[in-house]
Amino acid sequence: MRLVMTLLVRDEQELLAANLDYHLRQGVDFVLVSDHGSTDATPDILAGYVNRGLARVLPVEGEAKDQGTWVTRMARLAAAEHEADWVLNNDADEFWWPLAGTLKDMLGLIPPRYGQLAVPRHNFIARAGAGPFWERMVIREARSQNLVGRELEPNAIHRGHPEVVVELGNHWVRAPGLAPAPALPLIEVFHFPIRTWEQFEHKVAREGHGLLALRDRDPDVGRDALTLYELHRRGDLADYFAQSILDEQRIEAGVARGELVLDRRLERFLSAEGEATDTGPQLVAVSRLAGEAFALAEKLAGSEEALGDTQRRLDEVSRKLQALRDSRLVRLTAPLRTAYYRARRKRS
């Protein structure tokens, strides 16, 4: 199996190397990167991976953030030129975590009939302090929501396809033959959107400007980012950031209520030298349970298909019965109708 990751970046020097190193350790073979005019050390960091044969950089220009078009191009190139069996469309602040083993181990459990898997995301909470973000940010929301209070949109990982379309945000993909797999928790995404004030303010201003410059943009596209951009424009973004930084008292209360979760998995992985994911008994157990779950899904799909066939056959028989009824009614009532019309002619 060959796993290719796509990545859209702009001024990501703070966490870019951590993201690339992590996913390469988790089974990614190659990375396609679209760099949207980075002015920090991002191009230099990427050059190191290009020189090692691990990445290819595709510069993109212009003020508009045309994410859907750029990621779709990378996803298609992954299939057409880089022989990707699976494609992971990623952002620099997202880390894809396998339930056991590596990402490849989990993708290998998905039967061939399925072409994509929806992967849930979890927002990690910003915390004050020095050091790398993955050391400080070990508290996440139990159920992450977007800014309008709905469940945080998942991301989609998909089989390589030269005609795939990736929607803006990497949340949904479509292409012939990419049937969605059952929503099993084989993979999840750790999301670190707010890390420092400098990073957050720069990101909000950059993304808001880029989205507003995007022509023919659907109103729902970039809704959360533009909501934050409006706060920035009004001068209220600093207050929003301050509310996002939780002190220990608020964290303890959130954990006690079940709203927050202590999650050190990424911290342990990035602080370790070797491969940190379990490839032993846990992987065996996950493989067995996933096999059972997919078999049940196949059976359910077969039942639904059989039910559909039965319904179609019933409808067909019903139509035939109705046609027979109508034809029989016409035949049996023919003498009566003949007599009726003769009587009318005599009266007239």
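Refer to the structure above for everything that follows.
**Observations concerning the overall build of the chain**
Part 1 of the reasoning: Helix and strand counts for the chain come out as 12 helices and 13 strands.
Part 2 of the reasoning: For the chain, the proportion of its 348 residues judged to be buried stands at 43%.
Part 3 of the reasoning: For the chain, restricting intrachain contacts to residue pairs at least 6 apart in sequence, the fraction spanning at least 24 positions comes to 76%.
Part 4 of the reasoning: Carbon and sulfur atoms form 53% of the exposed surface of the chain, whose accessible area is close to 18,700 Å².

**Looking at the side chain of Thr-6**
Part 1 of the reasoning: Along the chain, Thr-6 turns up in strand β1 (residues 3-9).
Part 2 of the reasoning: Once you skip the residues sitting within four places of it in the chain, Thr-6 turns out to touch Leu-32, Val-71, Met-74, Ala-75, Val-87, Leu-88, Asn-89 and Asn-90.

**Digging into the packing of aromatic side chains**
Part 1 of the reasoning: One pass over the full model with this rule turns up 14 aromatic pairs.
Part 2 of the reasoning: Seen in terms of ring centroids, Phe-133 and Phe-192 are 5.1 Å apart; in terms of plane orientation they differ by 70°. Their pairing is edge-to-face. Highlighted residues: Phe-133 in helix α5 (residues 133-136) and Phe-192 in the loop between β12 (187-191) and α6 (197-212), separated in sequence by 59 residues. The two residues Phe-133 and Phe-192 agree in class, both being buried.
Part 3 of the reasoning: An aromatic cluster is built from Tyr-22, Phe-95, Trp-97, Phe-124, Phe-133, Phe-190, Phe-192 and Phe-269, whose rings are joined through pairwise contacts.

**Looking at the sheet that holds β12**
Part 1 of the reasoning: Within the open sheet, the 3 strands sit side by side as β5-β12-β7. Their pairing is mixed. Across the chains shown, the open sheet's two edge strands, defined by having one partner strand only, are β5 (94-98) and β7 (121-123). Shown here is a sheet whose adjacent strand axes are inclined to one another by a mean of 25°, direction ignored.
Part 2 of the reasoning: Pairing analysis gives 5 bridges linking β5 to β12, with the strands arranged antiparallel. Bridging from a neighbouring strand, Trp-97 pairs with Glu-188 of β12.

**Examining the nonpolar core**
Part 1 of the reasoning: Grouped together as the largest cluster of nonpolar side chains are 34 residues, with contacts concentrated most on Ile-110, Ile-157, Leu-186 and Ile-187.
Part 2 of the reasoning: The element that contributes the greatest number of residues to this core is helix α11 (residues 281-332), accounting for 5 residues.
Part 3 of the reasoning: Those residues within four positions of Ile-157 in sequence are excluded, and the remaining contacts are Leu-3, Trp-86, Val-87, Leu-88, Trp-96, Leu-107, Gly-115, Gln-116, Leu-117 and Val-119.
Part 4 of the reasoning: Membership of the second largest hydrophobic core comes to 17 residues, among which are Leu-32, Leu-58, Val-87 and Val-166.

**Examining the pairing of β5**
Part 1 of the reasoning: Of all 5 residues in β5, 5 are buried, a share of seventy percent or more.
Part 2 of the reasoning: Taking every second residue as pointing to the same face, both faces of β5 are buried, with Glu-94, Trp-96 and Pro-98 on one and Phe-95 and Trp-97 on the other.

**Some remarks on the side chain of Glu-267**
Part 1 of the reasoning: By the secondary structure assignment, Glu-267 is in helix α10 (residues 265-271).
Part 2 of the reasoning: Under the relative-accessibility criterion, Glu-267 is labelled buried at 18%.
Part 3 of the reasoning: Sequence-distant contacts of Glu-267, defined by excluding residues within four places in its chain, comprise Trp-134, Glu-135 and Val-138.

**Topic: helix α7 (residues 223-234)**
Part 1 of the reasoning: Its 12 residues place the ends of α7 17 Å apart at the C-alpha level, agreeing with the 16 Å of an ideal helix rising 1.5 Å per residue.
Part 2 of the reasoning: Regarding α7, the residues found buried are Ala-225, Leu-226, Leu-228 and Leu-231.
Part 3 of the reasoning: Buried residues along α7 sit against α6 and α8 (237-244).

**With respect to unusual backbone geometry**
Part 1 of the reasoning: Its identity is not glycine, yet Asp-11 carries a phi of approximately 60°, on the positive side.
Part 2 of the reasoning: With respect to the helices, strands and loops of the structure, Asp-11 is situated in the loop between β1 and α1 (16-25).
Part 3 of the reasoning: Within the chain, Glu-83 stands out as a residue other than glycine whose phi angle is a positive 55°.
Part 4 of the reasoning: Position of Glu-83 relative to the elements: it lies in the loop between α3 (67-80) and β4 (86-91).

**A few points about the sheet that holds strand β6 (residues 116-119)**
Part 1 of the reasoning: What the 6 strands build is an open sheet, ordered β3-β2-β1-β4-β9-β6; its pairing is mixed. Looking at strand neighbours, the two that pair on one side only are β3 (55-59) and β6, the edges of this open sheet. For this sheet, the mean angle separating the axes of adjacent strands, direction not counted, is 20°.
Part 2 of the reasoning: Relative to β3, strand β2 (residues 30-35) is paired through 5 bridges, and the arrangement is parallel. Residue pairing in the sheet places Leu-32 in a bridge with Arg-56 of β3.

Parameters and conventions
- Residues numbered from 1 in each chain as written.
- Predicted model: local features only at pLDDT ≥ 70, side-chain atom pairs only at ≥ 80, totals over all residues.
- Heavy atoms only, no water.
- Helix = DSSP H or I, 4+ residues; strand = E, 2+ residues; numbered from the N terminus.
- Buried < 20%, exposed > 50% of the residue type's maximum accessible area, 1.4 Å probe, protein only.
- Contact = heavy atoms within 4.5 Å.
- Areas by Shrake-Rupley, 256 points an atom, 1.4 Å probe, with all protein chains shown as cover.
- Phe/Tyr/Trp six-rings, centres within 6.5 Å; stacked < 30°, edge-to-face > 60°.
- Pairing = 2+ DSSP bridges.
- Axes fitted to C-alpha atoms, helices over the stretch in contact; angles between N-to-C directions.
- Core = buried A, V, L, I, M, F, W, Y, C linked by side-chain atoms within 4.5 Å.
- Expected span 1.5 Å × (residues − 1).

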